[in-house]
Amino acid sequence: MENYEKGEVVAVPDDTPTPWGDDVLEMKVQHGSKVRNLMGFAVRKFKDETVRQIVWSGSDKAVSKTVTCAEILKRKFKNIHQITKIKYKIVEEIWEPKMEGLDRLKVKRQIPAISILLSKDAVDKDDQGYQAPGTYDSLWNPASQQPRAKPGKKRGPPSNARGGGQKSKSPKPDGTPSNKKQGGRGQRKGGDRQQGKVQDRG
């Protein structure tokens, strides 16, 4: 593609019906949007009793920021029903040729997109993406509800210190092993002195 440069990007219209009406407040999140600005506007609007529903939508790199905004709003308002829709959004990229004689290219790409409806009123509980009030992580991270193993310390075998009086199984004159402790240097000297005294007495 070195002979082309990226031009216009057009989103293909999506005719998929949504579970919310036309009077819902829609918050479109972009990759460069600031969460503080989005939340300030959304909180002021959602405090109004006439605003009953708000939907957060984002695609591609803005998906994680869209989820963050929705979760923050859920913690600021109680008894909020949620419906989440995850899909792929189709966009057309136009590539303009740099050299004469080349045709203009049109490439279709699928990018991930998400829409999160937050409603003060009850919604369809049978919807696959429904999340009841008071639940937060059941949809995003099901594995987090599994019990975790308790961390424990692994202890290795005890180390053998030098000069600690280890038992050695040296054979006796009759061929049977003896469990005699090997003492330190002082013990050996004492034994020699004692043996010498006994020999002097003899």
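Anything mentioned here points back to the structure above.
Residues numbered from 1 in each chain as written. Predicted model: local features only at pLDDT ≥ 70, side-chain atom pairs only at ≥ 80, totals over all residues. Heavy atoms only, no water.

**Q** Looking at this structure, how should I read helix H2 (residues 63-76)?
**A** Side chains of residues three or four places apart in an α-helix project in the same direction, reflecting 3.6 residues per turn. The terminal C-alpha atoms of H2 lie 21 Å apart, and with 14 residues this matches the ideal 20 Å at 1.5 Å per residue to within 8%. Among the residues making up H2, those that are buried are Thr 66, Val 67, Cys 69, Ala 70, Glu 71, Leu 73 and Lys 74. Looking at the packing, one finds that the buried side of H2 touches helix H1 (35-46), strand E3 (53-59), strand E4 (81-97), strand E5 (105-119) and strand E6 (130-131). (Helix = DSSP H or I, 4+ residues; strand = E, 2+ residues; numbered from the N terminus. Expected span 1.5 Å × (residues − 1). Buried < 20%, exposed > 50% of the residue type's maximum accessible area, 1.4 Å probe, protein only. Contact = heavy atoms within 4.5 Å.)

**Q** Is there a simple way to explain the packing of aromatic side chains in this structure?
**A** Working definition: an aromatic ring pair is given by the centre-to-centre distance plus the angle between the planes. On inspection of all chains with the given rule, the structure shows one aromatic pair. Residues Phe 46 and Phe 77 carry aromatic rings whose centres are separated by 5.1 Å and whose planes lie at 85 degrees to one another, so their mutual orientation is edge-to-face. With Phe 46 in helix H1 and Phe 77 in the loop between H2 and E4, this residue pair connects regions lying 31 residues apart in the sequence. Look at Phe 77 and you get buried, because its relative accessible area is 16%. When the ring centre of Phe 46 is taken as reference, the NZ or CZ atom of Lys 120 above it lies at 4.6 Å. (Phe/Tyr/Trp six-rings, centres within 6.5 Å; stacked < 30°, edge-to-face > 60°. Lys NZ or Arg CZ within 6 Å of the ring centre and 35° of its normal.)

**Q** Could you clarify how one ought to interpret the packing of H1 against H2 in this entry?
**A** Two quantities define a packed helix pair, namely the angle between the axes and the distance from one axis to the other. Viewed as axis vectors pointing N to C, H1 and H2 meet at an angle of 40 degrees, and their least axial separation amounts to 11 Å. Between H1 and H2, the interaxial angle falls into the category oblique. In this structure, the crossing between H1 and H2 has a hand that is right-handed. Where H1 abuts H2, its residues Val 35, Leu 38, Met 39, Val 43 and Phe 46 lie against Lys 65, Cys 69, Ile 72, Leu 73 and Lys 76. Among the residues forming the contact of H1 with H2, the class breakdown is eight nonpolar, no polar and two charged. (Axes fitted to C-alpha atoms, helices over the stretch in contact; angles between N-to-C directions. Parallel < 35°, antiparallel > 145°, perpendicular 65-115°, else oblique. Left-handed = near helix turned anticlockwise from the far one by under 90°. Nonpolar A, V, L, I, M, F, W, Y, C, P; charged D, E, K, R; others polar.)

**Q** Which parts of the structure should I look at to understand unusual backbone geometry?
**A** A negative phi angle characterises most non-glycine residues, just as the trans form characterises most peptide bonds. One non-glycine residue, Asp 60, lies in the positive phi region at around 55 degrees. Of note, Asp 60 is situated in the loop between E3 and H2. A positive phi is found at Asn 79, a non-glycine position, where the angle reads about 55 degrees. With respect to the helices, strands and loops of the structure, Asn 79 is situated in the loop between H2 and E4. Given a relative accessible area of 60%, Asn 79 falls into the exposed group.

**Q** Would you explain the nonpolar core in this entry?
**A** Nonpolar side chains tend toward joint burial in soluble globular proteins. The biggest cluster of nonpolar side chains holds 21 residues, and the ones touching the most others in it are Phe 46, Ile 54, Trp 56, Leu 73 and Leu 118. It is H1 that contributes the most residues to this core, five residues altogether. Setting aside its immediate chain neighbours within four residues, Leu 73 contacts Met 39, Val 43, Phe 46, Ile 54, Trp 56 and Leu 118. One finds Trp 20, Val 55, Leu 117 and Tyr 130 within the second-largest nonpolar core, a separate group that totals seven residues. (Core = buried A, V, L, I, M, F, W, Y, C linked by side-chain atoms within 4.5 Å.)

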